[in-house]
Amino acid sequence: QVQLVESGGGFVQPGGSLKLSCVYSGNIFSVTAMGWYRQAPGKERELVARILVGDQTNYADSVKGRFTISRDNAKKMMYLEMNNLRPEDTAGYSCAVRNVFGHDYWGQGTQVTVSS
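What counts, and at which threshold
- Residues numbered from 1 in each chain as written.
- Predicted model: local features only at pLDDT ≥ 70, side-chain atom pairs only at ≥ 80, totals over all residues.
- Heavy atoms only, no water.
- Patch = residues over 30% accessible without salt bridge, like charges linked within 9 Å, V, L, I, M, F, W, Y side chains within 5 Å.
- Areas by Shrake-Rupley, 256 points an atom, 1.4 Å probe, with all protein chains shown as cover.
- Salt bridge = Lys/Arg side-chain N within 4 Å of Asp/Glu carboxyl O.
- Helix = DSSP H or I, 4+ residues; strand = E, 2+ residues; numbered from the N terminus.
- Disulfide = S-S within 2.5 Å.
- Buried < 20%, exposed > 50% of the residue type's maximum accessible area, 1.4 Å probe, protein only.
- Pairing = 2+ DSSP bridges.
- Core = buried A, V, L, I, M, F, W, Y, C linked by side-chain atoms within 4.5 Å.
- Contact = heavy atoms within 4.5 Å.
- Polar contact = N/O pair within 3.5 Å; in protein donor to acceptor, adjacent residues only side chain to side chain.

Topic: a nonpolar patch on the surface
Here's step 1: A cluster of nonpolar side chains, Phe29, Val100 and Phe101, forms an exposed patch at the surface whose accessible area comes to about 350 Å².
Here's step 2: Tracing the backbone through its elements, the reader meets Phe101 in the loop between strand E9 (91–99) and strand E10 (104–106).

So, in structure tokens, the structure goes:
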């Protein structure tokens with residue numbers, strides 16, 4: 001059984017930083033992509049950042065230069081370092097892993113709230 005568990009969310013003031021972690025377990029056959037998504041109340045879920053095969057990374061325009069995605073394959077971990085956080089970054093953040101068959105596995109999410 002595949003499981004993804006996020007941690008590291010919380011409350012932070014504007015300009016602050018947080019680092020999200022995602023650990024995955026179980027047999028995920030041939031991971032082709034790993035990523036972080038977020039969904040704010042009343043809005044659609046959006047891609048924040050992802051790592052593809054070959055370590056190519058993609059970021060949403062709104063987080064470029066502020067967020068960094070990374071991974072540790074040996075530990076089956078994925079991270080999202082978030083700097084200079086803004087109130088509009090407030091959302092539930094989820095990690096996801098895609099296998100070679102195009103199937104996505106999701107974590108339950110962790111809340112990030114940016115407010116003064």
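Focus on the state of the cysteines
Here's step 1: This structure, assessed with the given rule, holds one disulfide.
Here's step 2: Residue pairing for Cys22: its cysteine sulfur links by disulfide to Cys95, the two sulfurs lying 2.1 Å apart. Residues Cys22 and Cys95 are joined by a disulfide whose S-S torsion is about 60°; by sign, that bridge is right-handed. Remark: Cys95 occurs in strand E9 and Cys22 occurs in strand E3 (residues 18–25); sequence separation between them is 73 residues.
Here's step 3: Cys22 gets classed as buried once you look at its relative accessible area, which sits at 0%.
Here's step 4: Overall, the relative accessible area of 0% leaves Cys95 in the buried class.

What about the pairing of strand E5 (residues 46–52)?
Here's step 1: Here strand E4 (residues 31–39) runs beside E5; their pairing, made up of six bridges, is antiparallel. Note on E5: the bridge partner recorded for Met34 is Ile51.
Here's step 2: Linkage of E4 to E5, two consecutive antiparallel strands, is achieved through a turn of six residues, within which Gly42 is found at a positive phi near 80°.
Here's step 3: Where E5 meets strand E6 (residues 57–59), three bridges bridge the pair, whose relative direction is antiparallel. Across the sheet, Arg50 pairs through a bridge with Asn58, a residue of E6.
Here's step 4: Counting the residues in the hairpin turn of E5 and E6 gives four residues, including Gly54, whose phi is positive at 90°.

Some remarks on the nonpolar core
Here's step 1: Leu4, Trp36, Val48, Phe67, Leu80, Met82 and Tyr93 are the most contacted members of the largest nonpolar core, which totals 29 residues.
Here's step 2: When residues of this core are traced back to their parent elements, those giving at least two are E3, E4, E5, strand E7 (67–72), strand E8 (77–82), E9 and strand E11 (110–114).
Here's step 3: Not counting residues within four places of it along the chain, the set of residues in contact with Met82 comprises Gly16, Ser17, Leu18, Leu20, Arg66, Phe67, Tyr93 and Val112.

A short note on the environment of Arg71
Here's step 1: Mapped onto the elements, Arg71 comes out in strand E7.
Here's step 2: On a C-alpha basis, the gap between Arg71 and Tyr59 in space is 15 Å, while along the polypeptide they are twelve residues apart.
Here's step 3: Sequence-distant contacts of Arg71, defined by excluding residues within four places in its chain, comprise Met34, Ile51, Leu52, Asp55, Met77, Met78 and Tyr79.
Here's step 4: A distance of 2.6 Å separates a polar atom in the side chain of Arg71 from a polar atom in the side chain of Asp55.

Re the environment of Thr110
Here's step 1: Counting through the fold element by element, Thr110 comes out in strand E11.
Here's step 2: In sequence terms Thr110 and Gly8 are 102 residues apart; their C-alpha atoms lie 7.3 Å from each other.
Here's step 3: The residues touching Thr110, leaving out its near neighbours within four places in the chain, are Glu6, Ser7, Gly8, Gly9, Leu20, Ala91, Gly92 and Tyr93.
Here's step 4: Looking at Thr110, its side chain comes within polar contact range of the main-chain nitrogen of Gly9, at 3.3 Å.

Honestly, it's all geometry; don't read function into it.
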